[in-house]
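# Coordinate inspection notes
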Amino acid sequence: MELIDYPNYGEKLYVQTLANGLTVYLQPKAGFNKTTAVLGVNYGSVDSAFMLNGEKVVQPAGIAHFLEHKMFDKKDYDVFELFNKTGARSNAFTSFTKTNYLFSTAESLKENLDILLNFVQIPYFTKEKVQREKGIIDQEINMYKNDPDNQGYFETIASLYPNSVLANDIAGDVASVDKISLDDVELAYRTFYRPENMSLFITGKLDPDETLGWIEANQAHKDAPVPVEVKRLMVLPQTSSETIKHVEMDVSRPKVALGLRGNDPVPVGREGLKYEIAISIMFDLFLSENAVEYDKLYHDEIIDDSFSWEFENERGFHFAVISCDTAKPSELIQRLKQIIAEIPNKINDLAAEFQLQKNELFGNYIEMMDSEEAISGQFDGFLGEPVTIYDEVEILKSMTLTDVATIADSFLAHATVQSVMIQNRQQFPIDS
Amino acid sequence: MKYEIAKGIRLTTIPTTKFKNTKIVINFTFPAQHQNYAKLALLAELLENCSAQYNSELLVSRQLSKMYGASFGVTVLRYGNQHTLQVSITFPNDKYLPPKSELTNEVLAFLKEMIEDPFVDGDQFDQEYFRIHQSNMVNYLDSIQDNKEFFSTLELQRLYYPNDPDHGDFLMGNQQEMGQISSPELYTFYRHVLATAKISILVGGDLPEADVLKGFKQFESFNDRTPADYQLRVHPAPIAEVQRGAKNIEGSQSVLSIAYELPIYFGDEDYFPAVIFNQLFGGSSRSLLFTNVREKHSLAYDIHSSYNSLVGMDSVQAGIDFQNEEQVTQMVADQLQQMVDGHYSDELLDGVKHALINQHRSEADHLGSLIEKQYIQQIMGFSLSDSDWETQVANVTRSQISAVAKQMSLRAIYQLNSRGH
């Protein structure tokens, strides 16, 4: 096992790629009772079109999320029953580019690891089971559609990436889910649920050698999948012009979301993480509670505590979404655009503010180090090299204001902007 | 370790070297009265965002960044009949910070400033500061309707306690009450809270206790007080019939919420059977509700039950299609009957017990959970060692669970109806 030592934080990471291609990451936490394991598949909602052994395949939107649901459903039992027996907590999530299966437990680690690896690596799909899942997923989709904040977020991404896989919700919609067939599910599984396209990250109470031994023994029992040649086909057409999309929903106050689509290339691995942290600092310098620009918007009563922004840097695309409830939606959009436009000119003058922001982020990383959920949640096993939060904090420490300014310039110079306003019938479409 | 800072002010430390951070929680408590709900919520907002020295939101925020991004918050809570203003802060240990850092003392001084020296102008909060935060709170209260599940939970609670606003009202009051508070009135209320509330401080982490004790002894307002005792458990008044409420909305899903009275409280003989009952009924992902309503009939994605052992209530919530409302309501009643009749496998029961023990052990890995557990035991006057806790869970029998299920009495149903697009 490769050992990566983080003496500053008294932590270690063990890495081993198994014969079948599965990469295992073990990060023991001294004194902890609990262990958290995440089996990640490098496959998400954007991967619905691909070349498989030279043939083009296009699958219905929502297929990755559908597959995630179906993995729990076995011939005569549900995987939750197995975890119920051991008392572990388990869950799964699908994002744009990943599907994660996880459990946490304070006992029977080996048994739970076997359950996790076996249920994801040994599928059981039938026509009837595929059909029955659709009703549940329809209710899940309707739950998201009932939430205006969720809708604002996904409408913004759809505006940034029209006519593309990113224009769909992660779960798809009722019509696309209805189209999913047993063949689709089987083909998607064969294509992406392969050991070399997965990573297993375990943190908490664990003995590295013993744990790796368990995993190796489990994997040795499984036949290697037939090799395939896969090429993902994600086409993201450019947007034609900047628009404000109006959406009618029953909301108490208008909700505004402003999206920035990154069109510059982002490096992979550690350099990609550096890019991500730099853009976060850039937003903090202008749009966090520490920023004079934020303070002005707040005291002009254009924004309140519902204000938030997030930056997503994923395989093949990166974007930011800024959102807030406001009585002055048009003014907010205009003011945000003005603030963003001035960033390149102002950022170099913010040396003291930059130092303060680094301080804060540094403390935030220390806070995350006490949480298995944060340690495993921050980890991305598909960057070409292992990058844990202990690495991220080192990237942060060496970051300079010039780094941030350079990366901000690259992002902003090429970014395209789209906005969404969610308003109720009385507010719609008249605007303040 | 337990210390008394002054009469009515207790400090409890939970020393541990397991974590890289420290957490301090200060609870100011008094009996729950609805007249105070909006006031305490607004006070929390004002104590969190400014002080005399840090007289803008920006300055408070920057001070927190200076203290390595310490997570600071002031919030309101209700533990049964106890109304609570909670101040909390989490910050990294000096060990991981640049040499010579003394963050603990800086944090204690910050807390003292925020609690004892608010942003005031004479005998009232600074008027512009007050106005803007009051307006934000009114907007927040108004926005709750956008969150259908939360809105339904609050409406269910109102129905559950007819003519009992101390328990039926939302903890943060309503828009009207919030809008009517004046700045001088709130300042008077603040002085009253500071002078009379029972105060409980909890500190968890790797800290020299002497420094902490010394720090809190410097709080000038932490003087002797004699808070009255009161019953924490909430006992709802009897009702003649099931309370029903409904509202039509434009949305993509209906939310069905059902509340039962379950008169079993934390520390009661039946407490562990009640916890296990809830897990079997709708609390776990193998529960009867989850298995039958979701997995077998595909009628819901989310259906769950929750048990509140301070108020003796068990409630069910599900996101469903409007046309299935009657069917789901009947299925919920059927699953409860299955619980009374003991129609669940031994395997499921063993699993639920296992899961509770597993989670109990896992809680020791969360500093926040350790502090919360300690506090609940303190206010309820009931504590168990970890091994006793596990034995009690393991010893729960089927007949005890049936006896719990029989005590469930339907009290309120709220339907947020969306007939779809």
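Thresholds, definitions, all that
Counting starts from 1 at the beginning of each chain's written sequence and moves along it residue by residue. Here chains are named by letter from A upward and ligands by number from 1 upward, in the order in which they appear as written. Local features are withheld for residues below a pLDDT of 70 in this predicted model, meaning they are given only at 70 or higher, and side-chain atom pairs are given and counted only at 80 or more; totals for whole chains, interfaces and linings count all residues. By convention in this description, side-chain values take in all heavy atoms of the structure and omit both hydrogens and water. UniProt positions are given in the numbering used here, feature names are shortened, and annotations may be inferred rather than shown by experiment. What counts as a helix is a DSSP run of H or I of at least four residues, what counts as a strand is a run of E of at least two, and both are numbered from the N terminus. Think of a 1 Å grid over the protein atoms and nothing else: a 1.4 Å probe that fits but is trapped marks a cavity, an open set flanked by protein within 12 Å on at least five of seven lines marks a pocket, and residues with an atom within 4 Å of a point count as lining. Grid points are joined across faces, edges and corners, and a volume is the space filled by probe spheres set on the points. Under the scheme applied here, ten amino acids are nonpolar (Ala, Val, Leu, Ile, Met, Phe, Trp, Tyr, Cys and Pro), four are charged (Asp, Glu, Lys and Arg), and all others, including Gly, are polar. When checking whether two residues touch, look at their non-hydrogen atoms; a contact exists if any pair is within 4.5 Å. Two parts lose some accessible area (1.4 Å probe) when they are put together, and adding that loss for both gives the buried area. Salt bridges are defined by distance alone: a side-chain nitrogen of Lys or Arg within 4 Å of a carboxyl oxygen of Asp or Glu. Residues adjacent in sequence count toward polar contacts only when both atoms are side-chain atoms; beyond that, a polar contact is any pair of N or O atoms within 3.5 Å, and within protein one must be able to donate a hydrogen and the other to accept it. In this scheme, a residue with accessible area under 20% of its type's maximum is buried, one over 50% is exposed, and one in between is partly exposed, where area comes from a 1.4 Å probe on protein chains only. Here, a strand pair is defined by DSSP locating no fewer than two bridges between the strands. Angles shown run from 0 to 180 degrees and are taken between the N-to-C directions of axes, each axis being a line fitted to C-alpha atoms and, for helices, limited to the stretch in contact. Two cysteine sulfur atoms make up a disulfide if the distance between them is within 2.5 Å. Only rings of Phe, Tyr and Trp enter the pairing, Trp through its six-membered ring, and a pair is recorded when the two centres are within 6.5 Å. The plane angle decides the type: under 30 degrees is stacked, over 60 is edge-to-face, the rest tilted.

## Points about the UniProt feature "domain: Peptidase M16 C-terminal" (unreviewed entry) in chain B
Residue and element names in this part refer to chain B. Sequence positions flagged by UniProt for "domain: Peptidase M16 C-terminal" (unreviewed entry) are, in local numbering, residues 13–119 and 181–356. This span, residues 13–119, is 35% helix and 32% strand, and a straight line between its end C-alpha atoms measures 30 Å. Helix makes up 41% of residues 181–356 and strand 21%, and the two end C-alpha atoms of the span are 44 Å apart.

## Quick look at the layout of surface pockets
The volume enclosed by the second largest pocket comes to roughly 770 Å³. Taken together, 39 residues line the second largest pocket, and the ones lying closest to its centre are Asp305, Ser306 and Asp325 of chain A together with Tyr140 and Ser143 of chain B. Among the elements that line the lining of the second largest pocket, the one with the most residues is helix 4 (residues 127–143) of chain B, at five residues. When grouped by side-chain class, the residues that make up the lining of the second largest pocket number 19 nonpolar, nine polar and eleven charged.

## Things to note about the interface of chain B and chain A
With 62 residues of chain B at the contact, the number on the chain A side is 63 residues. When chain B packs against chain A, the two sides together hide about 5600 Å² of surface, and 45% of this comes from carbon and sulfur. Among the residues of chain B in contact with chain A, Lys20, Arg286 and Tyr301 of chain B are the three that bury the most area, contributing 12% of the side total. Scanning the region where chain B abuts chain A turns up seven salt bridges. Among the salt bridges present, the one from Glu250 of chain B reaches Arg425 of chain A, with a minimum N-O distance of 3.0 Å. Between the two partners, chain B and chain A, sit 38 residue pairs in polar contact (both at pLDDT 80 or more). Secondary-structure elements contributing two or more residues to the side of chain B that touches chain A are helix 2 (57–66), strand 5 (82–92), helix 4, helix 5 (148–160), helix 11 (288–296), strand 12 (313–320) and helix 13 (346–363) of chain B.

## A closer look at the pattern of salt bridges
Overall, the coordinates contain 48 salt bridges over all chains when judged by the stated rule. With its nearest N and O atoms 3.9 Å apart, the salt bridge here joins Lys12 of chain A to Asp5 of chain A. For Asp5 of chain A, a relative accessible area of 43% puts it in the partly exposed group. For the salt bridge of Lys85 of chain A with Glu347 of chain B, the shortest nitrogen-to-oxygen distance reads 2.8 Å. Separated into two different chains, Lys85 of chain A in helix 2 (residues 79–86) and Glu347 of chain B in helix 13 make up a pair that spans both. Residue classification places Lys85 of chain A among the partly exposed residues on the basis of a relative accessible area of 39%. Judged by relative accessible area, which is 42%, Glu347 of chain B ranks as partly exposed. When salt bridges that share partners are traced, they join Lys70, Asp73, Lys129, Arg132 and Glu133 of chain A into one network.

## What to know about the pairing of strand 9 (residues 198–204) of chain A
All names here are of chain A. Here strand 9 lies mainly inside the structure; seven of its seven residues are buried. Both faces of strand 9 are covered, namely the face carrying Met198, Leu200, Ile202 and Gly204 and the face carrying Ser199, Phe201 and Thr203. The pairing of strand 3 (residues 23–28) with strand 9 spans six bridges and is parallel. Bridging across to strand 9, Pro28 finds its partner in Gly204. Sheet topology note: the strand 4 (residues 35–41)/strand 9 ladder contains seven bridges and is antiparallel. In the strand pairing of strand 9, Gly40 is matched with Ser199.

## Regarding the UniProt feature "domain: Peptidase M16 N-terminal" (unreviewed entry) in chain A
Here the UniProt-annotated "domain: Peptidase M16 N-terminal" (unreviewed entry) positions come out as residues 61–150 of chain A. With 58% helix and 14% strand, residues 61–150 of chain A has its two end C-alpha atoms placed 18 Å apart.

## Digging into the environment of Thr75 of chain B
Residues and elements named next belong to chain B. Inspection of the secondary structure assignment puts Thr75 in strand 4 (residues 71–79). Given the relative accessible area of 34%, Thr75 is considered partly exposed. For Thr75 and Asn93, which are 18 residues apart along the polypeptide, the C-alpha to C-alpha distance reads 24 Å. Setting aside residues no more than four positions away along its own chain, Thr75 makes contact with Ala44, Thr84, Leu85 and Gln86.

## Some details on the UniProt feature "domain: Peptidase M16 C-terminal" (unreviewed entry) in chain A
Under the feature "domain: Peptidase M16 C-terminal" (unreviewed entry), the UniProt entry names residues 179–348 of chain A. In the segment residues 179–348 of chain A, helix accounts for 41% and strand for 22%; the C-alpha atoms at its two ends are 52 Å apart.

## Some points on the sheet that holds strand 14 (residues 317–325) of chain A
Residues and elements named next belong to chain A. One open sheet accounts for five strands, arranged 11-15-12-14-13; its pairing is mixed. Taken across any chain shown, the strands that pair with only one partner, and hence form the sheet edges, are strand 11 (244–248) and strand 13 (308–314). Neighbour-to-neighbour, the strand axes of the sheet open up by a mean angle of 15 degrees, direction not taken into account. As paired elements, strand 12 (residues 255–261) and strand 15 (residues 416–423) share seven bridges and run antiparallel to each other. Looking at the pairing, Val256 lines up with Met421 of strand 15. Taken strand by strand, helix 5 (residues 148–160) contacts strand 11, strand 12, strand 13, strand 14 and strand 15, and its axis lies near 150 degrees from that of strand 15.

## Describing the state of the cysteines
A complete count under the given rule lists zero disulfides over all chains for this structure. Cysteine Cys324 of chain A is unpaired, with the sulfur of Cys50 of chain B as its nearest cysteine sulfur at 18 Å. For Cys50 of chain B, a relative accessible area of 1% corresponds to the buried category.

## Quick word on the packing of aromatic side chains
Residue and element names in this part refer to chain B. Considering all chains together, one arrives at 51 aromatic pairs over all chains under this definition. Considering the side-chain rings of Tyr187 and Tyr190, the 5.8 Å spacing of their centres and the 35 degrees angle between planes classify their relative orientation as tilted. In this pair, Tyr187 and Tyr190 both sit in helix 8 (residues 183–196), three residues apart, roughly one turn of the helix. Where Phe272 meets Trp389, the ring centres are 5.5 Å apart and the plane angle is 90 degrees; that geometry is what we call edge-to-face. Highlighted residues: Phe272 in helix 10 (residues 271–283) and Trp389 in helix 15 (residues 386–394), separated in sequence by 117 residues.

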